[in-house]
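What follows is each chain in one-letter form.
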Amino acid sequence: MQIIMLKSKLHRVTVTQSELHYEGSCAIDDTLLEAADIHEYQQIDIYNVSNGERFTTYAIRAERDSGTISVNGAAAHKANPGDILIIATYANYNEVELEKFAPQLVYVDAHNRINNTRHHIPVQMAAA
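Residues numbered from 1 in each chain as written. Predicted model: local features only at pLDDT ≥ 70, side-chain atom pairs only at ≥ 80, totals over all residues. Heavy atoms only, no water.

Take the side chain of T57 next. Along the chain, T57 falls in strand β5 (residues 54-62). Among the polar contacts listed, one links the side chain of T57 to the backbone nitrogen of S25, at a separation of 3.4 Å. (Helix = DSSP H or I, 4+ residues; strand = E, 2+ residues; numbered from the N terminus. Polar contact = N/O pair within 3.5 Å; in protein donor to acceptor, adjacent residues only side chain to side chain.)

Next comes the structure, spelled out in C-alpha coordinates:
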(Lines give C-alpha, C1' and ligand atoms only; values in the text may rest on other atoms or scores of the structure.)
Protein backbone atom coordinates (compact mmCIF):
# COMPACT_ATOMS: atom_id res chain seq x y z
CA MET A 1 0.00 0.00 0.00
CA GLN A 2 1.16 3.54 -0.79
CA ILE A 3 0.36 6.44 1.53
CA ILE A 4 0.70 10.10 0.58
CA MET A 5 2.61 11.96 3.29
CA LEU A 6 4.00 15.46 3.76
CA LYS A 7 7.55 15.39 2.35
CA SER A 8 8.64 18.93 3.12
CA LYS A 9 7.33 22.31 4.22
CA LEU A 10 8.48 25.92 4.11
CA HIS A 11 6.55 27.38 7.04
CA ARG A 12 5.30 30.99 6.95
CA VAL A 13 7.46 32.39 4.17
CA THR A 14 6.65 35.94 3.09
CA VAL A 15 5.81 36.74 -0.54
CA THR A 16 8.37 39.24 -1.85
CA GLN A 17 6.82 39.75 -5.28
CA SER A 18 4.12 38.53 -7.63
CA GLU A 19 4.52 38.61 -11.40
CA LEU A 20 1.21 38.24 -13.23
CA HIS A 21 2.73 38.30 -16.72
CA TYR A 22 5.35 35.63 -16.05
CA GLU A 23 4.67 32.16 -17.48
CA GLY A 24 3.84 30.62 -14.10
CA SER A 25 5.47 28.97 -11.11
CA CYS A 26 6.79 30.12 -7.76
CA ALA A 27 10.39 31.35 -7.58
CA ILE A 28 11.95 30.31 -4.27
CA ASP A 29 15.34 31.28 -2.83
CA ASP A 30 17.74 28.43 -3.68
CA THR A 31 18.82 28.18 -0.04
CA LEU A 32 15.21 27.48 0.96
CA LEU A 33 14.77 24.93 -1.84
CA GLU A 34 17.81 23.02 -0.63
CA ALA A 35 16.82 23.17 3.03
CA ALA A 36 13.35 21.81 2.26
CA ASP A 37 14.58 19.27 -0.31
CA ILE A 38 12.39 20.81 -3.02
CA HIS A 39 13.61 20.33 -6.58
CA GLU A 40 13.29 22.88 -9.33
CA TYR A 41 10.12 22.17 -11.36
CA GLN A 42 8.71 19.98 -8.58
CA GLN A 43 4.99 20.35 -7.90
CA ILE A 44 4.26 22.40 -4.79
CA ASP A 45 1.08 23.20 -2.92
CA ILE A 46 0.76 26.71 -1.56
CA TYR A 47 -1.48 27.68 1.34
CA ASN A 48 -1.90 31.43 1.71
CA VAL A 49 -2.26 32.11 5.43
CA SER A 50 -3.11 35.75 4.76
CA ASN A 51 -6.17 35.22 2.55
CA GLY A 52 -7.05 31.50 2.69
CA GLU A 53 -6.22 30.75 -0.96
CA ARG A 54 -4.86 27.27 -1.72
CA PHE A 55 -3.28 26.40 -5.07
CA THR A 56 -0.82 24.13 -6.83
CA THR A 57 2.08 25.20 -9.04
CA TYR A 58 5.74 24.28 -9.44
CA ALA A 59 8.96 25.59 -7.93
CA ILE A 60 11.70 27.42 -9.80
CA ARG A 61 15.04 28.51 -8.44
CA ALA A 62 15.57 32.10 -7.31
CA GLU A 63 18.91 33.65 -6.39
CA ARG A 64 20.59 32.02 -3.38
CA ASP A 65 20.22 33.94 -0.09
CA SER A 66 17.95 36.52 -1.75
CA GLY A 67 14.90 35.72 0.40
CA THR A 68 12.84 35.67 -2.80
CA ILE A 69 9.38 34.14 -2.82
CA SER A 70 7.75 35.21 -6.09
CA VAL A 71 4.30 33.92 -7.04
CA ASN A 72 4.01 34.08 -10.82
CA GLY A 73 1.50 33.79 -13.63
CA ALA A 74 -2.17 33.18 -12.89
CA ALA A 75 -1.30 32.31 -9.27
CA ALA A 76 -0.26 35.96 -8.80
CA HIS A 77 -3.99 36.65 -8.41
CA LYS A 78 -3.88 34.49 -5.26
CA ALA A 79 -0.90 36.02 -3.43
CA ASN A 80 0.45 39.53 -2.97
CA PRO A 81 3.75 40.83 -1.62
CA GLY A 82 3.64 40.64 2.17
CA ASP A 83 1.31 37.62 2.27
CA ILE A 84 2.36 34.73 4.50
CA LEU A 85 2.50 31.30 2.80
CA ILE A 86 3.04 27.68 3.68
CA ILE A 87 4.67 25.82 0.78
CA ALA A 88 4.37 22.03 0.94
CA THR A 89 5.38 18.98 -1.04
CA TYR A 90 3.99 15.48 -0.70
CA ALA A 91 5.26 12.06 -1.74
CA ASN A 92 4.03 8.46 -1.85
CA TYR A 93 5.61 6.11 0.67
CA ASN A 94 5.24 2.38 1.13
CA GLU A 95 5.07 0.69 4.54
CA VAL A 96 8.81 0.00 4.63
CA GLU A 97 9.66 3.61 3.76
CA LEU A 98 7.29 4.84 6.47
CA GLU A 99 9.46 3.19 9.11
CA LYS A 100 12.13 5.83 8.40
CA PHE A 101 9.76 8.59 7.34
CA ALA A 102 10.32 12.14 8.58
CA PRO A 103 9.22 15.29 6.73
CA GLN A 104 11.72 18.11 6.28
CA LEU A 105 10.34 21.22 8.01
CA VAL A 106 11.88 24.64 7.44
CA TYR A 107 10.97 27.67 9.54
CA VAL A 108 11.92 31.20 8.54
CA ASP A 109 11.96 34.71 9.95
CA ALA A 110 10.15 37.73 8.47
CA HIS A 111 12.88 38.08 5.81
CA ASN A 112 12.69 34.43 4.67
CA ARG A 113 15.96 33.56 6.41
CA ILE A 114 16.08 30.09 7.94
CA ASN A 115 15.86 30.12 11.72
CA ASN A 116 15.11 26.42 12.29
CA THR A 117 14.98 23.14 10.38
CA ARG A 118 14.13 19.67 11.49
CA HIS A 119 13.05 16.27 10.36
CA HIS A 120 9.84 15.84 12.31
CA ILE A 121 9.13 12.27 13.38
CA PRO A 122 5.38 11.70 13.80
CA VAL A 123 4.29 10.79 17.35
CA GLN A 124 3.12 7.27 16.55
CA MET A 125 6.44 6.52 14.84
CA ALA A 126 8.58 8.13 17.56
CA ALA A 127 6.95 5.87 20.14
CA ALA A 128 7.66 2.70 18.15
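Here the focus is the packing of aromatic side chains. For the structure shown, the criterion picks out 2 aromatic pairs. For the ring pair Y93 and F101, a centre distance of 5.0 Å and an interplane angle of 70 degrees mean the geometry is edge-to-face. With a relative accessible area of 16%, Y93 lands in the buried category. (Phe/Tyr/Trp six-rings, centres within 6.5 Å; stacked < 30°, edge-to-face > 60°. Buried < 20%, exposed > 50% of the residue type's maximum accessible area, 1.4 Å probe, protein only.)

With that settled, the discussion passes to the UniProt feature "active site" (unreviewed entry) in the chain. Per the UniProt record, "active site" (unreviewed entry) is found at S25 and Y58. Taken along the chain, the residues just named run across 34 residues; in space they keep tight, none of their C-alpha pairs more than 5.0 Å apart. One can find S25 in the loop between β2 (17-19) and β3 (26-29). If we skip the residues at most four places from it in the chain, S25 touches T57, Y58, I60, S70, V71 and N72. In this structure, Y58 sits in strand β5. The exposure class assigned to Y58 is partly exposed, which follows from its relative accessible area of 26%. (UniProt positions renumbered as here; feature names shortened; annotations may be inferred. Contact = heavy atoms within 4.5 Å.)

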